[in-house]
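# Examination of the molecular architecture
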Amino acid sequence: MLAEWAVDLMETLGGVGAAVVVGLDNLFPPIPSELVLPLAGFSASKGVFSLPAALLWTTLGSVAGAVIVYFAGMLLGRDRTRRLVARIPLVNVTDFDKTEAWFTRHGTKAVFLGRMVPLFRSFISLPAGVERMNFPHFLWLTTLGSLIWNTIFVGAGYLLGENWHRVESYAGIFQKLVLAAVAIAVLLFVVIRLRQRAKGDPEATVVLPRVRR
């Protein structure tokens, strides 16, 4: 069972174990961060490590996994990346295509927001690498977005203690709220651009923002 394995690894390796478990969420998307992050909080509540250490190590694991995915995208390129994604169990290549389209529309902002959106958080580093996004900027946005996401779930697991599994039942609601917020943001972006075109704004012809290299 994933939960038992994750807890055992954290108890054996401490913070390093937490980093490994969370990092796998980036490398193997079917592993849900909504499950493993509360486990890190639960382990902290048991005294395996402190809450600040749990946040530090889980964020380090998230960033390390994202960096690996970033360089994979950079080295493989778009076509080979799509073929690789298609071979991942329980993952559809359309998940990558949607993430790539979102990254193209929103550029660097997508990296920050993508760290807090299910599935997107695992894939957003791929198009960033394919497009060779400015690495220090990518690293900063990834760290900030991961820290926010991890704090929510690690903190919830810490507060709930042995009832950490309750977080998972509420995670679905939280995910829907986040996805709704992203959908609204995209809609507003499209409406604003269409209005700019109607007014003859020359900048409105550039529908897709430039991605910082």
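Bear in mind the structure is a predicted one, so any value in this text is a computation, not a measurement. (Residues numbered from 1 in each chain as written. Predicted model: local features only at pLDDT ≥ 70, side-chain atom pairs only at ≥ 80, totals over all residues. Heavy atoms only, no water.)

### Considering the packing of helix H4 (residues 51–86) against helix H5 (residues 93–106)
Contact geometry for H4 and H5: axes closest at 8 Å, N-to-C directions at 140°. As far as their axial angle goes, H5 and H4 are oblique. Seen from H4, the contacting residues are Arg78, Thr81, Arg82, Val85 and Ala86; seen from H5, they are Val93, Phe96, Asp97 and Glu100. (Axes fitted to C-alpha atoms, helices over the stretch in contact; angles between N-to-C directions. Helix = DSSP H or I, 4+ residues; strand = E, 2+ residues; numbered from the N terminus. Parallel < 35°, antiparallel > 145°, perpendicular 65-115°, else oblique. Contact = heavy atoms within 4.5 Å.)

### Remarks on H4
Here H4 spans only 37 Å end to end across 36 residues, well under the 52 Å set by a 1.5 Å rise per residue. Of all the bends in H4, the greatest, near 115°, is centred on Gly77. The backbone nitrogen of Ala53 lies 3.2 Å from a side-chain oxygen of the residue at the head of H4, namely Ser50. (Expected span 1.5 Å × (residues − 1). Bend = angle between axes of the 7 residues up to and from the residue. Polar contact = N/O pair within 3.5 Å; in protein donor to acceptor, adjacent residues only side chain to side chain.)

### Here we look at the environment of Ile124
Its location among the elements puts Ile124 in the loop between helix H7 (120–123) and helix H8 (125–130). Owing to a relative accessible area of 0%, Ile124 belongs among the buried residues under this scheme. In this structure the C-alpha to C-alpha distance between Ile124 and Tyr70, which are 54 residues apart in sequence, comes to 8.5 Å. Residues in contact with Ile124, not counting those within four places in the same chain, are Thr99, Trp102, Phe103, Ala110, Val111, Gly114 and Arg115. (Buried < 20%, exposed > 50% of the residue type's maximum accessible area, 1.4 Å probe, protein only.)

### As for the pattern of salt bridges
Across all of its chains, the model carries two salt bridges by this definition. Its salt-bridge partner being Lys46, residue Glu11 comes within 2.6 Å of it at the nearest N-O pair. Placement of the pair is Glu11 in helix H1 (residues 2–13) and Lys46 in the loop between helix H3 (33–45) and H4, with a sequence separation of 35 residues. Overall, the relative accessible area of 39% leaves Glu11 in the partly exposed class. Residue Lys46 is classed as partly exposed on the basis of its relative accessible area of 46%. (Salt bridge = Lys/Arg side-chain N within 4 Å of Asp/Glu carboxyl O.)

### Details of a nonpolar patch on the surface
On the surface, Leu13, Val16 and Val20 cluster together to form a nonpolar patch covering roughly 230 Å² of accessible area. Position of Leu13 among the secondary structure elements: in helix H1. Residue Leu13 is classed as partly exposed on the basis of its relative accessible area, which comes to 44%. (Patch = residues over 30% accessible without salt bridge, like charges linked within 9 Å, V, L, I, M, F, W, Y side chains within 5 Å. Areas by Shrake-Rupley, 256 points an atom, 1.4 Å probe, with all protein chains shown as cover.)

### Side note on the confidence of the model for the protein
Note: predicted coordinates in regions of low pLDDT should not be interpreted at a detailed level. When pLDDT is averaged along the protein, the result is 75; 69% of the residues meet or exceed 70. The secondary-structure element of the protein with the lowest mean pLDDT is helix H10 (residues 166–198), recorded at 57, while helix H9 (residues 135–160) shows the highest, at 89. Note that residues 201–213 has pLDDT below 50 and, in this model, 29 contacts with residues that lie over four places away or in other chains. (pLDDT = per-residue confidence, 0-100.)

### Looking at unusual backbone geometry
Note: most peptide bonds trans; most residues except glycine with negative phi. A positive phi angle is found at Arg132, which is not glycine, with a value near 55°. Inspection of the secondary structure assignment puts Arg132 in the loop between H8 and H9.

### With respect to the side chain of Thr142
Inspection of the secondary structure puts Thr142 in helix H9. For Thr142, a relative accessible area of 1% corresponds to the buried category. Side-chain polar atoms of Thr142 contact the backbone oxygen of Phe138, separated by 2.8 Å. Look past the residues within four positions of Thr142 in its chain and what remains in contact with it is Val63, Ala66, Val111 and Arg115.

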